[in-house]
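# Commentary on secondary and tertiary structure
One letter stands for each residue in the lines below.
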Amino acid sequence: MSAAPAKAPTPANGPADERLQATPFFNQLMARPELGAVSGTILVFLFFALTAGSSGMFSAEGVMNWTVVSAQLGIIAIGAALLMISGEFDLSIGSMIGFAGMMIAIPTNFWNWPIEASVLFAFAGAMAIGALNGWLVVRTGLPSFIVSLAFLFILRGLTIALSVLFTNRTIIGGVKNHSTGTFVEWLFAGKIFQGLFSWLASVGILGSFPDGSPLVTGIPMVVVWWVSLAAVGSWVLLRTKYGNWIFAVGGDANAARNMGVPVKRVKIALFMVSALCATIYASCQVMEFGSAAADRGVLKEFEAIIAAVIGGVLLTGGYGTVIGPCFGAIIFGVVQMGIFYTGVNTDWFRVFLGVMLLLAVIFNTYVRNRVTGGRK
């Protein structure tokens with residue numbers, strides 16, 4: 001009986017399975033989509049700390065000023081980022097802001113609707129338009145860039161036409177006459193922690209007016225909306241099956257469809273989320289100023305996309321986070337207000353946006369190639 005063939009000895013120092021090797025910390029860091037935005041935020045803070053540190057920019061009032069500006073952009077940047085991760089764009093965000101404002105102001109002032117009904121009407125109408133936007137994209141196969149660009153002009157034209165039709169002006173005021181003291185006003189233009197801020201002023205931690213009232217009376221609800229949307233959006237994207245669907249749709253829609261992912265429903269839902277974020281932004285502005293204006297939201301669609309790209313979201317889809325665009329919005333807010341505090345001509349802000357967009361695209365492309373091993 002022949003003996004069984006002997007097994008080849010396993011090399012004692014043979015190569016280890018690469019799947020079991022620990023990923024170096026630097027590689028883990030480079031793989032984070034929000035790395036560029038976080039780094040940019042730190043650099044921006046350092047720059048303005050040196051150039052405008054004594055101007056009041058980092059006082060309680062200054063911090064609140066650029067935080068509010070960041071929050072306003074951050075709200076729509078979150079919707080833009082989620083849609084971009086799925087591989088689509090919504091260029092109608094800015095026009096939706098103005099149109100949603102009109103959907104609040106016109107029924108309230110001219111049809112005598114309760115302010116609550118007008119706000120619900122605006123949200124329902126905006127999300128219906130978002131659904132139509134998404135449905136046209138998935139139904140016709142046209143690029144979302146083209147479809148949403150058409151809606152940019154349609155909604156902006158309707159906003160101007162309706163405001164002129166009802167008032168012969170491009171601004172409809174009088175909303176505060178109907179909203180003052182209502183829950184809706186507090187929900188979109190109120191403040192929280194007012195008691196805490198009053199106490200901080202009374203003990204000298206915060207600045208106060210001669211009568212003792214605090215210079216900063218609380219945290220505006222627009223900031224609360226921003227933080228809440230960021231938390232919910234990040235949880236959905238990173239911790240739920242739906243978040244996996246978003247990444248799959250943006251990475252390879254055909255492969256995702258073959259795996260049973262409802263690609264069309266995901267995209268339509270995200271267009272609705274984009275419209276929802278724009279309407280939250282519009283509601284905050286209408287309740288704060290007591291009016292709707294036809295020019296509200298002009299160019300905000302591009303700022304939202306730039307904030308998302310700075311935050312690590314790839315233009316090709318399938319990669320990104322919600323937190324990154326929030327840091328991108330912070331960069332916007334700090335720079336926009338920082339330029340004001342330093343006394344530099346504000347025209348340079350647009351130059352900064354273009355430079356930041358270019359640098360972000362270059363950096364994100366480098367990171368993607370590094371993570372994928374050079375694959376395009």
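In the block above lies the structure referred to throughout.
Values in this document were obtained by computation on a predicted structure and should not be read as measured data.

## A word on the overall build of the chain
Helix and strand counts for the chain come out as 16 helices and four strands. Burial statistics for the chain: of 376 residues in total, 48% are counted as buried. Pairs at least 24 residues apart make up 76% of the contacts formed inside the chain by residues separated by at least 6 positions. Entry remark: accessible area of the chain is about 18800 Å², with carbon and sulfur atoms responsible for 67%.

## Here's the deal with empty space enclosed by the protein
Across all of its chains, the model carries one cavity of 30 Å³ or more by this definition. Breaking the lining of the largest cavity down by element, the ones donating at least two residues are α4 (93-110), α13 (263-289) and β4 (292-293). Within the lining of the largest cavity, the residues separate by chemical class into five nonpolar, three polar and one charged.

## A few points about the side chain of Thr240
Secondary-structure assignment places Thr240 in the loop between α10 (221-239) and α11 (241-251). Polar side-chain contacts of Thr240 include one of 2.4 Å to the backbone oxygen of Val236.

## Quick word on the packing of helix α5 (residues 115-140) against helix α6 (residues 144-167)
At their nearest, the axes of α5 and α6 sit 9 Å apart, and the two run at 145° to each other. You can see that α5 and α6 cross each other, and the crossing is right-handed. On α6, the residues that touch Ile129, Leu132, Asn133, Leu136 and Val137 of α5 are Ser144, Val147, Ser148, Phe151 and Leu155. Of the residues assigned to the contact of α5 with α6, the class counts are seven nonpolar, three polar and no charged.

## So, the packing of aromatic side chains
One pass over the full model with this rule turns up twelve aromatic pairs. Judged by centre distance (6.3 Å) and plane angle (70°), the rings of Trp111 and Phe166 are edge-to-face. A residue pair is termed long-range when its members are at least 10 positions apart, and Trp111 in the loop between α4 and α5 and Phe166 in helix α6 qualify at 55 residues. Take Phe166: its relative accessible area is 28%, and that puts it in the partly exposed class.

## Comments concerning unusual backbone geometry
A positive phi is found at Asn168, a non-glycine position, where the angle reads about 60°. For Asn168, the location among the structural elements is in the loop between α6 and β1 (171-172).

## A look at the packing of α10 against α13
Where α10 contacts α13, the axes come no closer than 10 Å and their chain directions differ by 165°. One way to sum up the angle between α10 and α13 is to call them roughly antiparallel. Helix-helix and strand crossings are classified by hand; for α10 and α13 the assignment is right-handed. Here α10 contributes Val222, Trp225 and Leu229 to the contact with α13, which in turn contributes Cys277, Ile280 and Cys284. Taken together, the residues of the contact of α10 with α13 break down into six nonpolar, no polar and no charged.

## A word on α11
Among the residues of α11, Gly243, Ile246, Val249 and Gly250 are the ones counted as buried. Down the axis of α11, the buried side of the element spans an arc of 125°, and every buried residue falls inside it. What points out from α11, more than 90 degrees from its buried face, is the exposed set Lys241, Asn244 and Gly251. In this structure, the buried residues of α11 make contact with α3 (60-85), α10, α12 (253-258) and α13.

## As for the environment of Met103
By the secondary structure assignment, Met103 is in helix α4. Put simply, Met103 and Val119 are 16 residues apart on the chain and 7.7 Å apart in space, counted from C-alpha to C-alpha. In contact with Met103, not counting residues within four places along its chain, are Ser118, Phe121, Ala122, Gly125 and Ala126.

## Details of the nonpolar core
Counting 102 residues, the largest nonpolar core has Ile78, Val119, Ile310, Phe332 and Val335 as the members making the most contacts within it. In contact with Ile78, not counting residues within four places along its chain, are Trp226, Leu229, Ala230, Val322 and Cys326.

## Digging into the pattern of salt bridges
Side chains that differ in charge, positive against negative, can pair when their charged atoms come close. Inspection of the entire model under this criterion finds three salt bridges. One salt bridge in this structure joins Glu303 and Lys300, with 3.1 Å as the shortest N-O distance. Here Glu303 pairs with Lys300, and both are found in helix α14 (residues 300-310), just three residues apart, close to one helical turn. Residue Glu303 shares its accessibility class with Lys300, and that shared class is buried.

Reading the values: rules and limits
By convention here, each chain's residues receive numbers from 1 onward along its written sequence. Thresholds applied to this predicted model are a pLDDT of at least 70 for local features of residues and 80 or more for the giving and counting of side-chain atom pairs; totals over whole chains, interfaces and linings are not thresholded and use all residues. Only hydrogens and water are set aside; all other atoms, that is, all heavy atoms of the structure, feed into the side-chain values. Secondary structure elements are taken from DSSP: a helix is a run of H or I of four residues or more, a strand is a run of E of two residues or more, and numbering for both begins at the N terminus. For the exposure calls, accessible area comes from a 1.4 Å probe over protein chains only, and a residue counts as buried if that area is under 20% of its type's maximum, exposed if over 50%, partly exposed in between. We call two residues in contact when some of their heavy atoms are within 4.5 Å. Here the Shrake-Rupley method, with its probe set to 1.4 Å, supplies the accessible areas, and only the displayed protein chains count as covering residues. With a 1 Å grid laid over protein atoms only, a set of points is called a cavity when a 1.4 Å probe fits there but cannot get out and a pocket when it is open yet has protein on both sides within 12 Å along at least five of seven lines; lining residues have an atom within 4 Å of a point. Grid points are joined across faces, edges and corners, and a volume is the space filled by probe spheres set on the points. Following the grouping adopted for this structure description, the nonpolar residues are Ala, Val, Leu, Ile, Met, Phe, Trp, Tyr, Cys and Pro, the charged ones are Asp, Glu, Lys and Arg, and the polar ones are all others, Gly among them. Definition of a polar contact: a pair of N or O atoms within 3.5 Å, with one able to donate and the other able to accept a hydrogen when the atoms are protein atoms, and with sequence-neighbouring residues admitted only if both atoms are side-chain atoms. Here an angle of 0 to 180 degrees is reported between the N-to-C directions of two axes, which are lines fitted to C-alpha atoms, with helices fitted over the stretch in contact. In this scheme, a crossing is called left-handed if the near helix is turned counterclockwise away from the far one by less than a right angle; it is called right-handed if the turn is clockwise. The pairing test for Phe, Tyr and Trp rings, Trp by its six-membered ring, is centres within 6.5 Å, and the orientation test on the planes gives stacked under 30 degrees, edge-to-face over 60, and tilted for anything in between. Just so you know how the angles are binned, under 35 degrees is roughly parallel, over 145 roughly antiparallel, 65 to 115 roughly perpendicular, and the rest oblique. Think of it as the arc spanned by the lines of direction from the helix axis to the C-beta atoms. Here, nonpolar core means buried Ala, Val, Leu, Ile, Met, Phe, Trp, Tyr and Cys residues that are tied together by side-chain atoms lying within 4.5 Å of each other. In the sections that follow, a salt bridge refers to a side-chain nitrogen of Lys or Arg positioned within 4 Å of a carboxyl oxygen of Asp or Glu.

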